[in-house]
Amino acid sequence: MAEHRAGIEAAHQGYRFSRVFPFQGSGKALREKRPNALASFATHHFTLNFLSAAALCGAWEWAGLVPISPAFPTFGETMGALWSISADGSLAGAFAVTLQPLALGLVVSMVLGVGIGVAMGLSTKTEWLASPIFIVAQSAPLAALIPLIVFAYGIGLTSKTIVVCIMAMPVIVLNSFAAVRHTPKSLIEMGESFLATRRKVIIRIILPAASPVIFAGLRLGCASGFIGAVLAELLITPTGVGDLITYSRSIADYPTMYAAILSIMAFSVLFIEVLSRVEVMIFRPEKRAVS
Amino acid sequence: MTALAHQFFTEPSPVTDCAVSVRNVGKVYAGVVTALENINVDFPRGQLTSLLGPSGCGKTTLLKIIAGLLPATSGEVLVNDLPVAGPGPERAFVFQDFALMPWANVLRNVAFGLEMRGIAKSEREEIARSHIAQVGLAGFEARYPHELSGGMRQRVGLARALAVNADVLLMDEPFSAVDEQIRRKFQEDLLTLIAREKRTFIFVTHSIEEAVYVSDRIVLLSARPGRIAQIIEPAIERGGDPDAIRRHPAYLDTVDAIWQSLKTYLE
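Residues numbered from 1 in each chain as written. Chains lettered and ligands numbered in written order. Predicted model: local features only at pLDDT ≥ 70, side-chain atom pairs only at ≥ 80, totals over all residues.

A look at the overall build of chain B
Now for step 1: Secondary structure assignment for chain B yields ten helices and eleven strands.
Now for step 2: Per-residue burial over chain B gives 44% buried out of 267 residues. (Helix = DSSP H or I, 4+ residues; strand = E, 2+ residues; numbered from the N terminus. Buried ≥ 20, exposed ≤ 12 C-beta atoms within 10 Å, placed from the backbone.)

What follows is the structure, encoded as structure tokens:
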């Protein structure tokens, strides 16, 4: 026993760092890098965003100059056309028409979609009742259905609004449903154990917990709704931005045609950005606290 | 059980004043899995009773039945001699995963229970502030949960449960999601809290050391289906130095005796 202990002590005294570690002797300590002004400018998110957009526009300009097709204008020509249709008011006029089915469809899809989705998330019976409709609607070949819609509702505002809804609503419903269904169980139990009524649990816990995914669905749904609005104007009757696109193509004014397409895309991106800002402002105080 | 261990903990004394009484409670999940079978146990007022057992023995299920969050399949739970039909104002719950609302700051999280009881904003914020200070988080009222460490988040959970001034505090493995050093600190703080608050604590844990360290009584459950295997009262004086408890022979022997007893379920 005593011998054994002595052995341990001897071993202890003999303990050395006998190996040379590979990082020793490189002479460089691991320190935080202090970014210089140029590097921090070059990697700033505005710079990188700008570079990304510039690369896209540059590629467009080059593709137009080659030209890959006589029907493909350069970026510069398109911008010129955008300027002239903005200046003569035809773009604003087209938007005023397109926005009617779009706004109507989006409002209906957002209100009804979130409502139905939340109801499905809260009750399995509603889920079983409603989910087949939206799963089918999500995979419906819309272009093939449009003649049917026109047959039933004519070529007016109603049909176009329905097209926007068919595009926008399923993703909003299915996201809201999944968001509500995946509320952390312990948060709901917390609400119940602190005597929240079912109504309070829904308003104060389930909806705030679900709001990030509900808003993700709203962003996706609105993007689809924009596509639906243009699709309706191209396939039902040419009005608004759809008319601008169709007419410009028919007279081979390709810069104006692409300017119209670009303008509706830009509007869509802008709208979705505003939606994200509204979300953070109203529903996500903890995100606001960090930024 | 060894003869030595018998010197250090006694068979349970009869409970004269019980805050919570569990009578013949059974729980069957989905008609097939029996989680709890014929549980009869009294929780003495003003003391901390632990529910300890192998994982899957239904200790959390029993706690949630007492909380009124889960219905029992058979039997009943009495709190202050009244049968439990759901969550009530005399009980408050501390969650294993903290269950804080990420979109609400510390003050609103702590005041949540008071808000649900319909207490006016200024009053509930005043009460919440004093409990935030009591758990050592003064100055963090406007912070959000994601800005806090795990230990601080559970302090928020504890402050929320204390703020509603319930007689019975139900704690579901409250320290299992925090690290070892914070856990030791929490266990010491819990002893101070019990001494000061004179409330009834029901504490679920899977840690034998933790149960012996903090408990006046330990209810040992068997493996599934959970039944009461044994009730132990560790004969440990908790008045003095909190570190002395961990060196106390009664502490060490009780831990060992429980381990010997639980080991049989793990094979």
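Comments concerning the overall build of chain A
Now for step 1: In terms of regular secondary structure, chain A is built from 13 helices and zero strands.
Now for step 2: Here chain A holds 291 residues, and the buried ones make up 31% of them.
Now for step 3: In chain A, once contacts between residues fewer than 6 apart in sequence are set aside, the share between residues at least 24 apart is 73%. (Contact = placed C-beta atoms within 7 Å.)

Considering the interface of chain B and chain A
Now for step 1: Facing 18 residues of chain B, the contacting portion of chain A comprises 16 residues.
Now for step 2: A per-element tally of the side of chain B that touches chain A places helix H4 (residues 112-116) of chain B first, with three residues.
Now for step 3: Of the residues contributing to the side of chain B that touches chain A, the split by class is 14 nonpolar, two polar and two charged. (Nonpolar A, V, L, I, M, F, W, Y, C, P; charged D, E, K, R; others polar.)

Comments concerning the sheet that holds strand E3 (residues 33-44) of chain B
All names here are of chain B.
Now for step 1: Taking strand neighbours across the sheet as the criterion, the four strands line up as E3-E2-E5-E6 in an open arrangement whose pairing is antiparallel. The sheet is open, and its two borders are formed by E3 and strand E6 (82-83), each paired with just one other strand.
Now for step 2: Here strand E5 (residues 74-79) pairs with E6 via two bridges, running antiparallel. Across the sheet, residue valine 79 finds its bridge partner in E6, namely leucine 82.
Now for step 3: Sheet strands in contact with helix H2 (residues 59-67) are strand E2 (18-29), E3 and E5, and its direction is about 120° off that of E2. (Pairing = 2+ DSSP bridges. Axes fitted to C-alpha atoms, helices over the stretch in contact; angles between N-to-C directions.)

A look at the pairing of E5(B)
Residues and elements named next belong to chain B.
Now for step 1: Where E2 and E5 come together, five bridges link them in antiparallel fashion. Its bridge partner lying in E5, valine 22 is registered against valine 77.
Now for step 2: The turn linking E5 back onto E6 is made up of two residues, and asparagine 80 within it adopts a positive phi angle of 50°.

Considerations on the nonpolar core
Now for step 1: Core analysis: the largest hydrophobic core is formed by 134 residues, its most contacted members being Val20(B), Ile66(B), Leu170(B) and Ile202(B).
Now for step 2: Considering every element that reaches this core, the biggest residue donor is helix H8 (residues 157-181) of chain A, with 15 residues. (Core = buried A, V, L, I, M, F, W, Y, C linked by C-beta atoms within 7 Å.)

Digging into the pairing of strand E11 (residues 228-234) of chain B
Now for step 1: Looking at chain direction, strand E10 (residues 217-221) of chain B and E11(B) are connected through four bridges and run antiparallel. Of the residues in E11(B), the one forming a bridge with Val219(B) is Ile231(B).

Thoughts on the environment of Thr98(A)
Residues and elements named next belong to chain A.
Now for step 1: Turning to its location among the elements, threonine 98 is positioned in helix H5 (residues 90-122).
Now for step 2: For threonine 98, a count of 25 C-beta atoms within 10 Å corresponds to the buried category.
Now for step 3: Sequence-wise, threonine 98 and isoleucine 264 are 166 residues apart; in three dimensions their C-alpha atoms are separated by 9.6 Å.

Notes on helix H7 (residues 142-153) of chain A
Three- or four-residue spacings in an α-helix give side chains the same orientation, since the helix completes a turn every 3.6 residues.
Now for step 1: If you check H7(A), its first and last C-alpha atoms are 15 Å apart, about what twelve residues at 1.5 Å a residue would give, namely 16 Å.
Now for step 2: Immediately downstream of H7(A), the backbone of Gly154(A) shows phi near 80°, a positive value. (Expected span 1.5 Å × (residues − 1).)

Quick notes on the confidence of the model for chain B
Residue and element names in this part refer to chain B.
Now for step 1: Mean pLDDT over chain B: 87, with 95% of residues reaching 70 or higher.
Now for step 2: Ranking the elements of chain B by mean pLDDT puts helix H1 (residues 3-6) last with 45 and helix H3 (residues 106-110) first with 95.
Now for step 3: A low-confidence stretch, residues 1-5 stays under pLDDT 50, and its non-local contacts, those more than four residues away or across chains, total nine contacts.
Now for step 4: We note a pTM of 0.82 for the whole complex and an ipTM of 0.88 for its interfaces. (pLDDT = per-residue confidence, 0-100.)

Description of helix H12 (residues 254-283) of chain A
Residues and elements named next belong to chain A.
Now for step 1: Under the 1.5 Å per step criterion, the end-to-end length of H12 is 43 Å for 30 residues, consistent within 8% with the ideal 44 Å.
Now for step 2: Burial in H12 covers these residues: Pro255, Thr256, Met257, Tyr258, Ala259, Ala260 and Ile264.
Now for step 3: Buried residues along H12 sit against helix H4 (75-87), helix H10 (198-235) and helix H11 (240-250).

Digging into the packing of helix H5 (residues 121-134) of chain B against helix H6 (residues 150-163) of chain B
Residues and elements named next belong to chain B.
Now for step 1: One can describe the packing of H5 onto H6 by two numbers: an axis separation of 9 Å at closest approach and a directional angle of 135°. In terms of axis orientation, H5 runs oblique to H6. The chirality of how H5 crosses H6 is right-handed. Two secondary-structure elements touch here, H5 through Ile127, Ala128, His131, Ile132 and Gln134 and H6 through Ala159, Leu162 and Ala163.
Now for step 2: Across the contact of H5 with H6, the residue classes tally to six nonpolar, two polar and no charged. (Parallel < 35°, antiparallel > 145°, perpendicular 65-115°, else oblique. Left-handed = near helix turned anticlockwise from the far one by under 90°.)

Describing unusual backbone geometry
Now for step 1: Geometrically, the link from Val66(A) to Pro67(A) is a cis peptide bond, its omega value of -15° lying close to zero.
Now for step 2: If you trace the backbone, Pro67(A) turns up in the loop between helix H3 (45-65) and H4.
Now for step 3: Of note in this structure, Asn24(B) is not a glycine but carries a positive phi near 50°.
Now for step 4: Among the structural elements, Asn24(B) can be located in strand E2.
Now for step 5: With 12 C-beta atoms counted inside 10 Å, the residue Asn24(B) sits in the exposed group.
Now for step 6: Non-glycine residue Ala99(B) carries a positive phi angle of around 50°.
Now for step 7: Relative to the assigned elements, Ala99(B) resides in the loop between strand E7 (91-94) and H3.
Now for step 8: A count of 24 C-beta atoms within 10 Å places Ala99(B) in the buried class.

A closer look at the confidence of the model for chain A
Now for step 1: Taken as a whole, chain A shows an average pLDDT of 86; of its residues, 90% reach a score of 70 or greater.
Now for step 2: pLDDT under 50 marks residues 1-14 of chain A. Its contacts with residues more than four places away, or in other chains, come to zero contacts.

What to know about the packing of H5(A) against H10(A)
Residues and elements named next belong to chain A.
Now for step 1: Interhelical geometry of H5 versus H10 gives an angle of 145° and a closest axis separation of 9 Å. Between H5 and H10 lies a crossing whose hand is right-handed. Contacts between H5 and H10 involve Thr98, Pro101, Leu102, Gly105, Leu106, Ser109, Met110, Gly113, Val114 and Leu122 on the former and, on the latter, Ile202, Ile214, Leu218, Gly221, Cys222, Gly225, Phe226, Gly228, Ala229, Ala232 and Glu233.
Now for step 2: The residue makeup of the contact of H5 with H10, split by class, is 13 nonpolar, seven polar and one charged.

Describing the environment of Ala128(B)
All names here are of chain B.
Now for step 1: Relative to the helices and strands, alanine 128 is located in helix H5.
Now for step 2: Take alanine 128: there are 26 C-beta atoms within 10 Å of it, and that puts it in the buried class.
Now for step 3: Spatially, the C-alpha atom of alanine 128 lies 34 Å from that of glycine 53, the residues being 75 residues apart in sequence.
Now for step 4: For alanine 128, the residues in contact, after removing those within four places along its chain, are Leu107, Val110, Ala111, Leu114 and Ala163.

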